[in-house]
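Working through the structure, step by step
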Amino acid sequence: MTINDLAQACRWKLLAGEDGIDNPVDGCYVGDLLSWVMGRAQSGNVWLTVMGNLNAIAVAALADVSGIVLCEDSALDQDAKKRADMQGIPVYSCGPNLYQTAAGVYEQLSGLAEQLAKI
Amino acid sequence: MRELSLNVMDIAQNSISAGAGLITIEVREDRGEDTLSISIRDNGRGMTPEQVEHVTDPFFTTRTTRSVGLGVPLFKMEAEMTGGSFSIQSKLGEGTVTTAVFKPSSVDMIPLGDINGTVSMLVLMNPELDFIFQRSLITQEGDLREFDLRTTQLREVLGGDVPLNAPDVTQWINEYLAENTAELLAGEA
């Protein structure tokens, strides 16, 4: 699944990094303490957070995540947007909180949503 | 980072990489003003004004192994998140001073953590370098408490034969720091 597919299914809004929307996603990581996330988020994860600053973009680049989702409509700083565009790191925004968003991601990645649709 | 002492370790590593022979670490708390100030001063090779300007940008790094450097940017962010401030002053050929000021009462304050462990580890791992560690606390009542550790003084006492990373020396440093910290924080922590 690409991050674009996931974003469509979860109704996230793209804020930056359009070049990266075809990045594949096969997992999810949730966290706001950047130094913690830096060492733990895995390549291929979609990263759910409320940190929309330049350092978050650097962490995303370093951890090679598929993209960032800023939950609860948390803001993306101007310089962070510019850098996400340059690096091709897709950044989305959504209204639901981290838990609700993670649950939505789980539904999609586990195939649960697909099964539910058949019922 | 989970502890500010880890940031201190990280910044001190920058000083070591910059060829510093003397690194001074200051931790100053003022309970009345609600500030905790951490500064790391070195006599390393320093930076150009252009480098200083870019050093808080995580996509600017002197590393060649990867293109992202987050040590300084995270330290700055952590200070600013508490309502504090951050500065770097540097002069080519003279050295660098990195200062982060925190507001400990902020909900986003990160604990100082094991600063003594950081200092002890720095001395242990770099016995050929000199370190000064200064810690002070101004209590709510305005009393100043302070102590310091100076490796130059340790060298004088030890003479030339005993290195600073000898096990007995490390143990003495740990006990000295622990005792003085306990005295500094008595009735305040």
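Residues numbered from 1 in each chain as written. Chains lettered and ligands numbered in written order. Predicted model: local features only at pLDDT ≥ 70, side-chain atom pairs only at ≥ 80, totals over all residues. Heavy atoms only, no water.

Description of the nonpolar core
Counting 42 residues, the largest nonpolar core has Leu 4, Ile 38, Ile 40, Phe 75, Phe 102 and Phe 133 of chain B as its most contacted members. Look past the residues within four positions of Ile 40 of chain B in its chain and what remains in contact with it is Val 8, Ile 11, Ala 12, Ser 15, Ile 23, Thr 24, Ile 25, Phe 75, Thr 96, Val 97 and Thr 98 of chain B. In terms of nonpolar packing, the next biggest core, distinct from the first, is built from 26 residues, Leu 34, Val 37, Ala 60 and Leu 70 of chain A among them. (Core = buried A, V, L, I, M, F, W, Y, C linked by side-chain atoms within 4.5 Å. Buried < 20%, exposed > 50% of the residue type's maximum accessible area, 1.4 Å probe, protein only. Contact = heavy atoms within 4.5 Å.)

Describing the interface of chain B and chain A
Counting from both sides, the interface comprises 12 residues of chain B and, opposite them, 16 residues of chain A. Roughly 1,100 Å² is buried in total at the junction of chain B and chain A, and carbon and sulfur atoms are behind 81% of that figure. Interface area lost by chain B to chain A is led by Phe 59, Leu 70 and Met 77 of chain B, which between them contribute 46%. Where chain B meets chain A, there are zero salt bridges. Taken together, the links from chain B to chain A amount to two residue pairs in polar contact (both at pLDDT 80 or more). Class assignment for the residues of the side of chain B that touches chain A results in nine nonpolar, no polar and three charged. (Buried area = accessible area lost by both parts, 1.4 Å probe. Salt bridge = Lys/Arg side-chain N within 4 Å of Asp/Glu carboxyl O. Polar contact = N/O pair within 3.5 Å; in protein donor to acceptor, adjacent residues only side chain to side chain. Nonpolar A, V, L, I, M, F, W, Y, C, P; charged D, E, K, R; others polar.)

Notes on the pairing of strand S2 (residues 27-30) of chain A
Residue and element names in this part refer to chain A. The alternating pattern of S2 places Gly 27 and Tyr 29 on a buried face, while none of Cys 28 and Val 30, on the opposite face, is buried. Relative to strand S3 (residues 45-49), S2 is paired through four bridges, and the arrangement is parallel. Bridged to Gly 27 within S3 is Asn 45. Since S2 and S3 lie parallel, the crossover through helix H2 (residues 34-40) that links them has a hand, and here it is right-handed. (Helix = DSSP H or I, 4+ residues; strand = E, 2+ residues; numbered from the N terminus. Pairing = 2+ DSSP bridges. Right-handed = clockwise from strand over helix to strand, strands pointing away.)

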